[in-house]
Amino acid sequence: MEMVTVSPKFQVVIPRSVRVALDIRPGEKIQVLQYKDRIEFVLLKDIKKMRGFLKGIDTTVSREKDRV
């Protein structure tokens with residue numbers, strides 16, 4: 001887990017390891033959410049770039065016999 005410090009201007013730096021893992025580039029949009037007592041950052045991707053990201057996903061779902 002990475003630790004960051006809030007600057008006097010209330011800014012934080014996203015650690016390099018996280019930027020690399022999520023392929024965050026300068027200028028990309030990040031949504032900031034408050035959930036109970038924490039802050040969550042959600043990287044917003046262009047919908048056109050999302051095409052094919054689920055390719056090869058297993059869509060089989062086991063269902064109860066009475067739920068056909």
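Residues numbered from 1 in each chain as written. Predicted model: local features only at pLDDT ≥ 70, side-chain atom pairs only at ≥ 80, totals over all residues. Heavy atoms only, no water.

Asks: So what's going on with unusual backbone geometry? Which residues, and what values?
Replies: Positive phi, normally seen in glycine, also occurs at F10, with a value near 60 degrees. The exposure class of F10 is exposed, given its relative accessible area of 73%. A positive phi is found at D23, a non-glycine position, where the angle reads about 55 degrees. Along the chain, D23 falls in the loop between helix 1 (16-22) and strand 1 (30-35). (Buried < 20%, exposed > 50% of the residue type's maximum accessible area, 1.4 Å probe, protein only. Helix = DSSP H or I, 4+ residues; strand = E, 2+ residues; numbered from the N terminus.)

Asks: Tell me what's going on with the pairing of strand 1, and back it up with residues and numbers.
Replies: Pairing of strand 1 with strand 2 (residues 38-43), which is carried by six bridges, proceeds in the antiparallel orientation. Bridge assignment links V32 to a residue of strand 2, and that residue is F41. The antiparallel hairpin formed by strand 1 and strand 2 contains two residues in its connecting segment, where K36 sits at a positive phi of about 55 degrees. (Pairing = 2+ DSSP bridges.)

Asks: Provide a residue-level description of the pattern of salt bridges, including the pertinent values.
Replies: Using the criterion set out here, one finds three salt bridges in the structure. Residue R25 pairs with D23 through a salt bridge whose shortest N-O separation is 2.9 Å. You can call D23 partly exposed: its relative accessible area is 38%. The closest approach of N and O atoms between K45 and E28, which form a salt bridge, is 4.0 Å. (Salt bridge = Lys/Arg side-chain N within 4 Å of Asp/Glu carboxyl O.)

It is worth stressing that arrangement in space is one thing and function is another; only the former is reported here.
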